[in-house]
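Each chain, written out:
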Amino acid sequence: MCGRFTQERPTAELAELFDALPTPTAAEATDAGEAHYNVAPTQQVRVVVKPEADEPRRVEAYRWGLIPSWAKSPAVGNRMINARAETVASSGAFKRSLADKRCIVPADAFYEWLRQEDGPNQPYIIRRRDGLPLAFAGLWSAWHDDKNDLWLRSCTIITTQANELMARIHDRMPVVLAPHDWARWLDPQDHDAADLQRLLVPSPAADIEAYPVSTAVNSPRNKGPELTKPIPGEVLRASA
């Protein structure tokens, strides 16, 4: 799964990296607020979307935890932070979004916890080895709040089986899209769910590395850059 990640770059830089327009709502919701070293479910996250084929990509701020359009309450989204690649095309919560509401969730890193036999689980932070952001495959939805006559846009991150490196920590990982697949994933006119699912595979283990970090990351109240600092322990990289 993916339950915590970081978004450390300003919106303008993300827009440049993903060839998108930075929107004021994304900057206001994130850049002017708290540091993003421990993003947790239900918080605002920046996503890259292309709602219409003839429009440019945009960086928007959406709530993490997808709220299906048919939901009676936004609380449904609290359970929808991840979608499984294997079932996303058949899930009642996600199949409509897979058809034409796909997004990229940029992340500088994500956290996962290694189970320990004789103590608390050890958190690891996982990054790209080349320093570029991870491009998580995501879905989004628009939910109407009838009581307040407002639209709420939300998103989920798709997960898949772990690659060789991640399998040493957990059996699943976020789908990380390669740059040459970004345009296809964001194309709102591509409705071929079966073909799109072929993109939802583990990324190469050689692209990433993982190292242990403080258990302070366990609490979403802790949000500073110190959470990403390595502590003594094994750094995990793919074998040559």
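Just so it is clear, the model here is predicted, and its values are computed rather than measured.

Novice: Even after reading the chapter, I still don't get the overall build of the chain, so can you show me in this structure?
Specialist: Within the chain, the secondary structure is distributed over five helices and 13 strands. Radius of gyration (C-alpha) of the chain: 17 Å, near the 18 Å computed for a compact globule of 240 residues. Residue pairs in contact within the chain that sit at least 24 positions apart in sequence constitute 69% of those at least 6 positions apart. Only carbon and sulfur atoms are counted for the fraction: they give 50% of the accessible area of the chain, which is about 11,400 Å². Each charge sign in the chain was given a centre, from 28 positive and 32 negative side chains, and these centres are 4 Å apart.

Novice: Whenever I open this one, the nonpolar core confuses me. Can you help?
Specialist: Taken as a class, soluble globular proteins show a tendency for nonpolar side chains to be buried jointly. Counting residues in each nonpolar core, the largest one holds 33 residues, and the members touching the most others are Phe 94, Ile 104, Leu 139, Ile 158, Leu 177, Trp 185 and Leu 200. Every element with two or more residues in this core is listed here: α1 (11-17), β4 (57-64), β9 (134-145) and α4 (182-186). Sorting elements by how many residues they give to this core places β9 first, with four residues. Excluding residues that lie within four positions of it along the chain, Leu 200 makes contacts with Ala 85, Val 88, Ala 137, Ile 158, Thr 160, Val 175 and Trp 185. Of all hydrophobic cores here, the second largest spans 31 residues; its members include Phe 5, Cys 103, Tyr 124 and Ile 157.

Novice: Got a minute to help me understand the pattern of salt bridges in this structure?
Specialist: Enumeration over the complete set of coordinates arrives at 13 salt bridges. The salt bridge involving Arg 184 is made with Asp 195; its shortest N-O contact spans 2.2 Å. Placement of the pair is Arg 184 in helix α4 and Asp 195 in helix α5 (residues 193-196), with a sequence separation of eleven residues. Residue Arg 184 is classed as partly exposed on the basis of its relative accessible area of 28%. Among the ionic pairs, Asp 195 bridges to Arg 198, the shortest N-O distance being 2.5 Å. On the basis of relative accessibility, which here comes to 58%, the residue Arg 198 falls in the exposed class. Each of Arg 184, Asp 190, Asp 195 and Arg 198 takes part in one network of salt bridges that share partners.

Cut-off values and rules
- For every chain, the first residue of the written sequence is number 1, and numbering continues from 1 onward in sequence order.
- Reporting of local features is limited, given that this is a predicted model, to residues whose pLDDT is at least 70; pairs of side-chain atoms are given and counted only at 80 or more, and all residues count toward the totals for whole chains, interfaces and linings.
- Here the side-chain values reflect all heavy atoms present in the structure, with hydrogen atoms and water set aside.
- Note on conventions: DSSP H or I runs of at least 4 residues are helices, E runs of at least 2 residues are strands, and numbering of each starts at the N terminus.
- The atom set for the radius of gyration is the C-alpha atoms, and the globule formula is 2.2 Å times the number of residues raised to the power 0.38.
- In this analysis, two residues are considered to be in contact whenever any of their non-hydrogen atoms come within 4.5 Å of each other.
- For every accessible area listed, the method is Shrake-Rupley and the probe measures 1.4 Å; residues are considered covered only by the protein chains on display.
- Neither His nor the chain ends contribute to the count of charged residues, in which Lys and Arg are positive and Asp and Glu negative.
- The atom standing in for a charge is NZ when the residue is Lys, CZ when it is Arg, CG when it is Asp and CD when it is Glu.
- For the purposes of this section, nonpolar cores are sets of buried Ala, Val, Leu, Ile, Met, Phe, Trp, Tyr and Cys residues that join through side-chain atoms within 4.5 Å.
- The buried label goes to any residue with under 20% of its type's maximum accessible area, the exposed label to any with over 50%, and the partly exposed label to all in between, with areas taken from a 1.4 Å probe on protein chains only.
- Salt-bridge detection follows one rule: a side-chain nitrogen of Lys or Arg within 4 Å of a carboxyl oxygen of Asp or Glu.

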